[in-house]
Amino acid sequence: MSTSTTTSAPAGSDLRPHVLVLFGATGDLAARKLFPGLYHLAGQGWLPEDYAIIGSGRHSPGTDEEFRQQVREALEEFGDDLVDDVLDPFLERISFCTSDADDGSDLAQAVADAEDRLAQAAGDEGTDGVRRLIYMSIPPKAMDGMVGMLHDTGLNERARVVVEKPFGTDLDSSRALDATLKKAFEEDQVFRIDHFLGKEAVQNILALRFANGLFEPAWCNAFIESVQIDVPETLSIEGRGSFYEGTGCLRDMISTHLCQLLGFVALEDPQCFDEKSVRDAKSAVFQAMRPLDPTRVVFGQYDGYRDEEDVADDSTVETFVAIEAYIDNDRWEGVPFYLRTGKSLAEGRRVITLRFKTPAGGIFNGDPGSNELAIELTDDPKVTVDVRAKKPGPDMELAEALLRLDMADHDYESEPLEAYERLLLEVLRGDRTLFTRADEVDRLWEVCQPLLDDAPEVKPYAPGSWGPEEALALPKGGWRLGSEHDHG
Ligand code: BG6
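So, how was this worked out
- Each residue is numbered by its place in its chain's sequence as written, counting from 1.
- Where totals are concerned, whole chains, interfaces and linings use all residues; where local detail is concerned, this predicted model gives features only for residues with pLDDT of at least 70, and gives and counts side-chain atom pairs only at 80 or more.
- Calculated side-chain values reflect all of the structure's heavy atoms, with hydrogen atoms and water omitted.
- Strands are runs of DSSP state E lasting at least 2 residues, helices are runs of H or I lasting at least 4, and numbering of each runs from the N terminus.
- A radius of gyration in this sense is built from C-alpha atoms; the matching globule rule multiplies 2.2 Å by the number of residues raised to 0.38.
- Buried, partly exposed and exposed residues are distinguished by accessible area as a fraction of the type maximum, computed with a 1.4 Å probe on protein chains only: under 20%, between the cut-offs, and over 50%, respectively.
- Every residue pair with non-hydrogen atoms within 4.5 Å of one another is taken to be in contact.
- Exposure was quantified through the Shrake-Rupley algorithm and a 1.4 Å probe, taking into account, for residues, occlusion by the shown protein chains and nothing else.
- None of His or the chain ends enter the tally, which takes Lys and Arg as positive and Asp and Glu as negative.
- To locate a charge, take NZ of a lysine, CZ of an arginine, CG of an aspartate or CD of a glutamate.
- Interaxial angles span 0 to 180 degrees and are taken between N-to-C directions of axes, which are lines fitted to C-alpha atoms, for helices over the stretch in contact.
- Crossings are sorted by hand: turned counterclockwise from the far helix by less than a right angle, the near helix makes the crossing left-handed, and turned clockwise it makes it right-handed.
- We call Asp, Glu, Lys and Arg charged. Ala, Val, Leu, Ile, Met, Phe, Trp, Tyr, Cys and Pro are nonpolar, and the rest, Gly among them, are polar.
- Being paired, for any two strands, means DSSP has found at least two bridges between them.
- Classification of ring pairs rests on two measures: the distance between centres of Phe, Tyr or Trp rings, Trp counted by its six-membered ring, which must be within 6.5 Å, and the angle between planes, read as stacked under 30 degrees, edge-to-face over 60 and tilted in between.
- Here, over-ring charges are defined by two tests on the NZ atom of lysine or the CZ atom of arginine: distance to the ring centre within 6 Å, and angle to the ring normal within 35 degrees.
- In this analysis, a patch consists of residues with relative accessible area above 30% that form no salt bridge, clustered at 9 Å for like charges and at 5 Å for the nonpolar side chains Val, Leu, Ile, Met, Phe, Trp and Tyr.
- Here, a salt bridge means any Lys or Arg side-chain nitrogen found within 4 Å of an Asp or Glu carboxyl oxygen.

**Student:** Is there a simple way to think about the overall build of the protein chain in this case?
**Tutor:** For the protein chain, the helix and strand inventory stands at 12 helices and 15 strands. At 24 Å, the protein chain has a C-alpha radius of gyration in line with the 23 Å of a compact globule built from 488 residues. Principal-axis analysis of the C-alpha atoms places the extent of the protein chain at approximately 80 × 50 × 40 Å. When the 488 residues of the protein chain are sorted by exposure, 52% land in the buried category. Of the contacts formed within the protein chain by residues at least 6 apart in sequence, a portion of 76% connects residues at least 24 apart. Just so you have it, the protein chain exposes about 21200 Å², and 47% of that area is on carbon and sulfur atoms. Within the protein chain, one finds 48 positive and 93 negative side-chain charges whose respective centroids are separated by 5 Å.

Have a look at this one:
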């Protein structure tokens, strides 16, 4: 792997001046992730020297000063400790301008004015060197009109556009969304964001596998019995009832985040850590994925979900999904991949477990139990391997032992960037390696379509449990999380 996307270079000062336009700037994502991420990048010197941030949406939050105050409160609640030297110049560059699908003229004017200022500050003759980063944190149904507006106002020019998942709600709507985007943007302007790909630990999967002779040769069906990608969450839907009713767990987590993790675990050696190589390799995995079998999928809903605000009394929306998936290629033929995630579960974890086959024959013919390699996708990635060793004593008996690699024990020069931060930086740099491509999204909808056509019955489960009973027995040998092997 080359290291073309290390986080230390180029510094922000090497980046072109930028106008960032955030649609949905008064929303939850902007408050929790986007503004804190931009603020942190500003503090680290990773934003361009000359930039402006224009929040936009249908409803004005008041004057620019009042909007800045909102941003400040969001930073206080969700961001780093505030430092005046960083905060004041950051807030000064923020303004708000209303826009909607029918009228983007004020916004286009605000962007043009900002570009003039930035070009002047950078000593440029015209504004052609100023880039636009447009972040669409808006519901899928609003996309069509807003993209049309960007096209009509010319705001699509010189722009990179970031689109938030879910990308449509099924194959047809995803293709329609793609067609909409293609009317206004070239594919290389589009950044489909799946923030799991910005997590440091996810990229560590590639390092672990391809930089270690210990693991790569065993990463195939000759040695691996099954793979688990397990992302239980303790949080409930946390006031996002209307979003969740329209989306559900399959679209919110499985067809996006967990399948992207599967793509990273299962890909062939991309040879190079660049946009084309990584995305081609991941896309090949999805092409080889077998469409899901509804009889090997469990949907669940936690007791009490129907009492949440904005949730229908008779809702059958799933808040839990466990699936069995197969990749029909030489490397993975016959290896089941189990993906599980849900709200209001027993623990909040993100763990990938590779369960190895038990060595046949030999002196321990009595089945010593399988080894597991568990990769914990926390901010300080943890990797553990279950091994068997000789139990101390006069007899040749086996005991379970654990190899543990803890990145937090080391002192590295740079701290990991939060996922959104990392991905915002990649958009500014114009690198799409960690973003999903249209053909990946398309194929993943094809893979999930059998569940949309013939959804499994939704089984109830108690909050704080591991989901419906039916899901516990899905993987042969059970799930690692919640078992005695789990040392998390
Ligand atoms: C979001 C989903 O994309 O990811 C949420 O909409 C989910 O439902 C969240 O809770 C999980 O992300 P993270 O980074 O907190 O693990």
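**Student:** Would you take a moment to explain the packing of helix α1 (residues 28–44) against helix α10 (residues 419–429) for this structure?
**Tutor:** Each pair of packed helices gets described by two things: the angle between the helix axes and the distance between those axes. With their axes 8 Å apart at the nearest point, α1 and α10 run at an angle of 60° to one another. Handedness of the α1/α10 crossing: right-handed. For the pair α1 and α10, the contacting residues are L29, K33, L34, G37, L38, H40 and L41 in the first and Y420, E421, L424 and L425 in the second. Its residues placed into classes, the contact of α1 with α10 shows seven nonpolar, two polar and two charged.

**Student:** It is not clear to me how the sheet that holds strand β8 (residues 297–302) should be interpreted in this structure. Could you clarify?
**Tutor:** In a beta sheet, neighbouring strands pair by backbone hydrogen bonds and run either parallel or antiparallel. The sheet built from nine strands is open, its strands ordered β14-β13-β12-β11-β7-β10-β9-β8-β15 with mixed pairing. The sheet terminates laterally at β14 (398–406) and β15 (458–461), the two strands that pair on one side only. Direction aside, the axes of adjacent strands within the sheet are offset by 20° on average. Note: strand β13 (residues 382–390) against β14, nine bridges, orientation antiparallel. Counted as the bridge partner of V385 is L403 from β14.

**Student:** Could you clarify how one ought to interpret the packing of aromatic side chains in this entry?
**Tutor:** One pair of aromatic rings is described through two measures. These are the centre distance and the angle between the planes. According to the stated counting rule, one finds 11 aromatic pairs in the structure shown. Their ring planes at 70° and their centres at 6.4 Å tell us that Y244 and Y305 sit as a pair that is edge-to-face. One end of the pair, Y244, is in helix α8 (residues 241–266); the other, Y305, is in the loop between β8 and β9 (320–325), and 61 residues separate them in sequence. The two residues Y244 and Y305 agree in class, both being buried. By way of ring pairs, the aromatic residues F243, Y244, Y302, Y305, F320 and Y461 are connected into one cluster. Over the face of the ring belonging to F196 we find K199, whose NZ or CZ atom lies 4.7 Å from the ring centre. One Lys or Arg, R340, reaches over the ring of W479 and ends 4.3 Å from the middle of that ring.

**Student:** What exactly am I supposed to notice about a negative patch on the surface here?
**Tutor:** Together, D84, D85, D88 and E92 make up a region of like negative charge exposed at the surface. Structurally, the position occupied by D85 is in helix α3 (residues 84–92).

**Student:** I'm lost on the environment of A346 in this one. Help?
**Tutor:** Tracing the backbone through its elements, the reader meets A346 in the loop between β10 (337–342) and β11 (351–356). On the basis of relative accessibility, which here comes to 31%, the residue A346 falls in the partly exposed class. Taking the C-alpha atoms as reference points, A346 and L235, separated by 111 residues in sequence, lie 9.6 Å from one another.

**Student:** Explanation requested: the pairing of β8 in the structure shown.
**Tutor:** Regular strands show a simple pattern: their side chains alternate between the two faces of the sheet. Buried residues dominate β8, accounting for six of its six residues. Here β8 shows no split at all, with V297, F299 and Q301 on one side and V298, G300 and Y302 on the other all buried. As paired elements, β8 and β9 share four bridges and run antiparallel to each other. The residue of β9 that forms the bridge with V297 is I323. In terms of strand pairing, β8 meets β15 through four bridges, oriented parallel. Bridging across to β15, F299 finds its partner in V458.

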